[in-house]
Amino acid sequence: MQITFPAFYKEFSCIADACPDTCCAGWQIMIDDKSLRKYRRFKGPFRNRLHNDIDWEEKSFRQYDRRCAFLNEDNLCDIYSEAGPEMLCDTCRKYPRHIEEFEGLREYSLSLSCPEAARIFLSRKDRTTFRTIEKSSPKETYEDFDYLLFTALMDTRDYLLSIVQDRTIPLELRRKKLLACAHDFQLSLDKNELYQWEDIRRRHQKSGVGETFLAKLKKWTASGTDSASCHKQIWKTVIPEMEVLRAGWHEYLDNILKVLYKTCDTETKLSECCQEFLNAYPDWEIQEEQLLVYWIYTYFCGAVYDGQISAKIKMAVICTSMIHDLAVATYLANDRRFTFNDLVSICYRFSRELEHSDLNLNEMEKLMDEDETFRFENLLLL
Ligand code: SF4
C-alpha cells in the first residue's frame, strides 16, 4: 500500500482553545460504529454525561446552540480531557485530515475547512510538493477499479500540477491552459480513446502558452457576455443549489457580494478593482496557485470513479475564483485593506460550506458538468 501526502502534512497540530472557529461547532458530528461500541462500554464517573449527550438513534453527539455537547467553555473537548484521547471518535481523531482511497493507494491531505490547516497551507511561499511512502499492509482489491484510467489520471494530474506551478507563466494563462487540457482529456475519455492521452499531453506540452495556443483561446472564448456578468452568474447559479450548514452564510454572502457588484458593475471596473487588490495584496498570486493545487490534488483522481475529469478541474477553478471574489469584496468593504487572516477566514468558511456536505460537493460537480454557466467557453472569460 502506498501513502501520498503533501510535504507539510506533518506540520499540523490542533491549536484547540486558540482556534478562531472550532470544528466542534456548527455541524453535526457523526459517530462511527466502533466508537459507539466503546462509548456504550465506557465505565467511570464520566459515563452518565457521555451517555446522555450522545444521540444514539442519530449516531451523533448532541448539540447545544449548534456546539457539540462536549465542547466546554474553554473550547476544549471534555471527552478528550475526561475520558482520554483514545476515546475520540473517528471523525474527531482524524479531522482535519482528509483521505481519498484508491486501489493500493491512500492520498492524505489537510482540509481547508480547518483554520490552522488553512494557515499552514496558505502561508507557504514555495511550490507544494508531495511525498509517497510504502506501507506494509494487506493488499486491498477494489471491485471494478479501472487501473488503466487511474494511471492515466495520475499522470495527467502530475502534468496539470506542473502547469499550475509554472511561475514563469501568468496565472490567468495557467488557469486557461488547465481548462483546455481537462476539456481535451474529457473528450478523449468520452470517445473511449484513452490511448490518446499521451498524445494530448504531448500536444499541450508542445503548444505551451505560445501563439498557437493564444490564437485558439481567442477562438474558443465565449462572445456576447463579459467577465463581470460571468462572475455574477456563477454565484447566482451555485448558491441556491447548496444546503446551508451554518446559519448566517447567505446573509454574509449577500452583504459582501453587494459591495463587490455595486463597486464593480462593469467589466472595466471589475478588472481595475482586481488589479488594485493584487497591488495591495500581492501574495494572492501564490495563494491562488496553492488553492488550485489543493482542489486538484484532493479531488482530481476521484474521476476514476465517475469519469468527471473536466468537472473536477472546473470545480478547482470556480472554487478559487469564488474565494477570490470574496477576497476582493472584503478588501473593498474594509476600506481597501486586506490581511492574510482575512484570506484564511474566507477559505475555511467557504470550504466548510462546500466540503462538509457530500450533498453540496455532488451538486457542485453536477453543476460543473451540466449547467450552461460552466461551459468551457464561458470559464475562459474569468
Ligand atoms: S478547526 Fe482545526 S485547529 Fe480548530 S479545533 Fe478543529 S482541528 Fe483544531
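Thresholds, definitions, all that
Residues numbered from 1 in each chain as written. Predicted model: local features only at pLDDT ≥ 70, side-chain atom pairs only at ≥ 80, totals over all residues. Near = placed C-beta within 6 Å. Nonpolar A, V, L, I, M, F, W, Y, C, P; charged D, E, K, R; others polar. Buried ≥ 20, exposed ≤ 12 C-beta atoms within 10 Å, placed from the backbone. Helix = DSSP H or I, 4+ residues; strand = E, 2+ residues; numbered from the N terminus. Pairing = 2+ DSSP bridges. Contact = placed C-beta atoms within 7 Å. Core = buried A, V, L, I, M, F, W, Y, C linked by C-beta atoms within 7 Å. Domains from an automatic or database assignment. Axes fitted to C-alpha atoms, helices over the stretch in contact; angles between N-to-C directions. Parallel < 35°, antiparallel > 145°, perpendicular 65-115°, else oblique. Expected span 1.5 Å × (residues − 1).

Novice: Would you mind going over the site of the ligand in detail, with residue names and values included?
Specialist: With respect to spatial proximity, the complete set of residues near the ligand consists of C14, I15, A16, C19, T22, C23, Y95, P96, C114, P115 and E116. Split by residue class, the shell around the ligand holds 9 nonpolar, 1 polar and 1 charged.

Novice: Could you give me a rundown of the pairing of strand β8 (residues 130–134), with the residues and numbers involved?
Specialist: Sparse coverage of β8 is indicated by the burial of 0 of its 5 residues. Bridging between strand β1 (residues 2–6) and β8 involves 5 bridges; their strand directions are antiparallel. What sits directly across from I3, in β8, is I133.

Novice: Just give me the short version of the environment of F350, but keep the residues and values in it.
Specialist: Inspection of the secondary structure puts F350 in helix α16 (residues 340–355). As for F350 and I31, which are separated by 319 residues in sequence, their C-alpha atoms are 24 Å apart. Residues contacting F350, with those up to four places away along its chain left out, are M322, I323 and L326.

Novice: How would you summarise the nonpolar core if you had to cite specific residues and measurements?
Specialist: Ranked by size, the top nonpolar core spans 86 residues in total, and within it L178, W295, I296, M315 and A327 carry the most contacts. Of all the elements, helix α15 (residues 309–333) adds the most residues to this core, at 16 residues. Lining this core are residues from two domains, each supplying at least three of them: domain 1 (24–94) and domain 2 (147–379). Apart from the residues within four sequence positions on either side, L178 is in contact with L160, I163, V164, I313 and V317.

Novice: So what's going on with the packing of α16 against helix α17 (residues 358–370)? Which residues, and what values?
Specialist: Geometry of a packed helix pair, given as the angle between the helix axes and the separation of the axes. At a minimum axis separation of 6 Å, α16 and α17 run at an interaxial angle of 90°. Of the possible angle classes, the one that applies to α16 and α17 is roughly perpendicular. Every residue of α17 that contacts α16 at E353, L354 and E355 is listed here: N360, L361 and M364. For the contact of α16 with α17, the per-class residue count stands at 3 nonpolar, 1 polar and 2 charged.

Novice: Before we move on, can you summarise the domain arrangement of the chain with the specific residues and values?
Specialist: Partitioning the chain into structural domains gives domain 1 (24–94) and domain 2 (147–379). Taking the mean C-alpha position of each, domain 1 and domain 2 sit 37 Å from one another.

Novice: I'd like to hear about the environment of L381, residue by residue, with values.
Specialist: For L381, the location among the structural elements is in the segment after α18 (376–379). On the basis of neighbour counts, which here come to 17 C-beta atoms within 10 Å, the residue L381 falls in the partly exposed class. Considered as a pair, L381 and L214 are 167 residues apart in the sequence and their alpha carbons are 13 Å apart. Residue contacts for L381: discarding those within four places in its chain leaves T221, A222, T225, D226, S227 and C230.

Novice: Tell me about the packing of helix α12 (residues 267–280) against α15, residues and numbers included.
Specialist: Here α12 crosses α15 at 80°, and the two axes come no closer than 10 Å. It follows from the interaxial angle that α12 and α15 lie roughly perpendicular. Contacts from C273, C274, F277 and A280 of α12 reach α15 at A327, V328, Y331 and L332. Classifying every residue of the contact of α12 with α15 by side-chain character gives 8 nonpolar, no polar and no charged.

Novice: With reference to specific residues and values, describe the sheet that holds β8.
Specialist: Strand pairs in the sheet, formed through backbone hydrogen bonds, run parallel or antiparallel to each other. Within the open sheet, the 4 strands sit side by side as β6-β7-β1-β8. Their pairing is mixed. Each edge of the open sheet is held by one strand with a lone partner, namely β6 (97–102) and β8. Pairwise comparison of adjacent strand axes, ignoring direction, gives a mean angle of 20° for this sheet. Across 3 bridges, the pairing between β1 and strand β7 (residues 105–110) is parallel. Among the inter-strand pairings, T4 is bridged to a residue of β7, identified as E107.

Novice: Quick rundown of the pairing of β7? Include the residues and the values.
Specialist: Sheet analysis places β6 next to β7, joined by 6 bridges and oriented antiparallel. Within the sheet, the bridge partner assigned to R97 lies in β7 and is L110.

Novice: So what's going on with α15? Which residues, and what values?
Specialist: End to end, α15 covers 36 Å across 25 residues, agreeing with the expected 36 Å (1.5 Å per residue, within 8%). Of all 25 residues that make up α15, 23 are buried, and the element is covered over most of its length. D335 sits one or two positions beyond α15 and adopts a positive phi of about 50°.

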